Amino acid sequence: MIALDILTDGFFAAVAGIGFGAISDPPLRAFKMIAILAALGHACRFCLMTYLGVDIATASLFAGLIIGFGSLWLGKKVYCPMTVLYIPALLPMIPGKFAYNMVFSLIMCLQNMNDPEQLDKFMGMFFSNTLIASTVIFMLAVGATFPMFLLPHRAFSLTRH
């Protein structure tokens with residue numbers, strides 16, 4: 001049952017990664033690698049959060065690192081820059097629920113300006129959702145770009161012979 005949950009999570013992340021990749025029009029040879037990276041990254045984050053109890057920001061950092069190092073390795077195989085592979089693979093991990101709740105609570109704050117109790121409730125929701133969403137996005141970016149800073153010569157020579 002656990003393996004099925006992990007595979008399902010990875011499969012749907014791969015489908016979403018392919019969809020996001022199609023928007024940015026990469027070469028056809030990159031789609032398989034985008035799907036693999038999205039599936040591995042999302043499944044890693046899913047496992048860390050579900051089975052090890054790791055928070056979403058830390059799990060996103062590790063998933064971003066897997067996608068970053070994977071795009072460095074797979075980019076050489078398909079002759080593509082890292083960004084072509086890792087950006088569509090990262091997009092399924094953007095925390096949409098927290099971003100939606102952030103906007104929703106901001107709107108509710110504006111609608112409840114005259115009720116201090118409700119205003120406090122929605123301000124707290126706004127700040128907590130903003131903190132989580134921005135931290136997760138930051139950690140994904142740090143994890144994915146870290147290999148470029150660690151191995152700059154390799155990262156910038158992926159499309160050269």
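Criteria and thresholds
- Residues numbered from 1 in each chain as written.
- Predicted model: local features only at pLDDT ≥ 70, side-chain atom pairs only at ≥ 80, totals over all residues.
- Heavy atoms only, no water.
- Phe/Tyr/Trp six-rings, centres within 6.5 Å; stacked < 30°, edge-to-face > 60°.
- Buried < 20%, exposed > 50% of the residue type's maximum accessible area, 1.4 Å probe, protein only.
- Helix = DSSP H or I, 4+ residues; strand = E, 2+ residues; numbered from the N terminus.
- Core = buried A, V, L, I, M, F, W, Y, C linked by side-chain atoms within 4.5 Å.
- Contact = heavy atoms within 4.5 Å.
- UniProt positions renumbered as here; feature names shortened; annotations may be inferred.
- Patch = residues over 30% accessible without salt bridge, like charges linked within 9 Å, V, L, I, M, F, W, Y side chains within 5 Å.
- Areas by Shrake-Rupley, 256 points an atom, 1.4 Å probe, with all protein chains shown as cover.
- Salt bridge = Lys/Arg side-chain N within 4 Å of Asp/Glu carboxyl O.
- pLDDT = per-residue confidence, 0-100.
- Expected span 1.5 Å × (residues − 1).
- Bend = angle between axes of the 7 residues up to and from the residue.
- Polar contact = N/O pair within 3.5 Å; in protein donor to acceptor, adjacent residues only side chain to side chain.

*Asks:* An account of the packing of aromatic side chains is requested, with residue identities and associated values reported.
*Replies:* Applying the stated criterion across every chain yields a total of five aromatic pairs. Look at F11 and F12: their rings are 5.3 Å apart centre to centre, the planes differ by 70°, and that puts the pair in the edge-to-face class. Exposure remark for F12: the relative accessible area of 53% places this residue in the exposed category. For the pair F69 and F146, a centre-to-centre distance of 6.4 Å together with 75° between the ring planes defines the contact as edge-to-face. Here F69, found in helix α3 (residues 56-78), pairs with F146, found in helix α6 (residues 116-150); they are 77 residues apart in sequence, far enough to count as distant. Classification of F146 as partly exposed rests on a relative accessible area of 37%.

*Asks:* Can you break down the nonpolar core residue by residue, with the values?
*Replies:* Ranked by size, the top nonpolar core spans 25 residues in total, and within it L37, I67, L85, Y86, L90 and M93 carry the most contacts. For this core, the secondary-structure elements that each account for two or more residues are α2 (31-51), α3, α4 (82-90) and α6. Considering each element in turn, this core owes the most residues, seven residues, to α3. If we ignore the near neighbours within four places in the chain, the residues touching M93 are G41, H42, R45, A63, I67, V136 and L140.

*Asks:* Explain the environment of L140 to me, using residue names and the numbers behind them.
*Replies:* Topologically, L140 is positioned in helix α6. Looking at L140, the relative accessible area reads 2%, which means it is buried. Sequence spacing of L140 and R45 is 95 residues, and the spatial spacing of their C-alpha atoms is 11 Å. Beyond its immediate sequence surroundings of up to four residues, L140 is in contact with S60, G64, L90, M93 and I94.

*Asks:* Break down the UniProt feature "transmembrane region" (unreviewed entry) in the protein chain for me, with residues and values.
*Replies:* Those places that UniProt annotates as "transmembrane region" (unreviewed entry) correspond, in this numbering, to residues 6-23, 57-74, 86-107 and 127-151. Across residues 6-23, the secondary structure splits into 100% helix and 0% strand, with the terminal C-alpha atoms separated by 26 Å. Between the end C-alpha atoms of residues 127-151 there is a gap of 36 Å, over a span that is 96% helix and 0% strand.

*Asks:* Run through a nonpolar patch on the surface, naming residues and quoting values.
*Replies:* Together, F20, I23, I87, L91, I94 and I137 give the surface a local cluster of nonpolar side chains, amounting to about 520 Å² of exposed area. The topology assignment puts I94 in the loop between α4 and α5 (96-111).

*Asks:* So what's going on with the environment of I23? Residues and values would help.
*Replies:* Inspection of the secondary structure puts I23 in helix α1 (residues 2-24). Between the C-alpha atom of I23 and that of L65, which follows or precedes it by 42 residues, the distance is 23 Å.

*Asks:* Outline the confidence of the model for the protein chain, supporting the account with residue identities and numerical values.
*Replies:* In this model, the protein chain carries an average pLDDT of 92, and 96% of its residues clear a pLDDT of 70 or more. Within the protein chain, the lowest mean pLDDT, 74, falls on helix α7 (residues 152-155), and the highest, 96, falls on α2.

*Asks:* Lay out unusual backbone geometry in plain terms, naming residues and giving numbers.
*Replies:* A positive phi angle, close to 55°, is found at D25, a residue other than glycine. Judged by its relative accessible area of 65%, D25 falls in the exposed class. One non-glycine residue, Y79, lies in the positive phi region at around 60°. For Y79, the location among the structural elements is in the loop between α3 and α4. Y79 gets classed as partly exposed once you look at its relative accessible area, which sits at 34%.

*Asks:* How would you explain α3 if you had to name every residue and give the values?
*Replies:* Taking 1.5 Å of rise per residue, the 23 residues of α3 would be expected to cover 33 Å, and the 31 Å separating its terminal C-alpha atoms lies within 8% of that figure. Roughly 25° is the biggest bend found in α3, and it falls at L72. Two or three places before A57, at the start of α3, stands the capping residue D55, its side-chain oxygen 3.2 Å from that residue's backbone nitrogen. Downstream of α3 by one or two residues, Y79 has phi in the positive range, about 60°.

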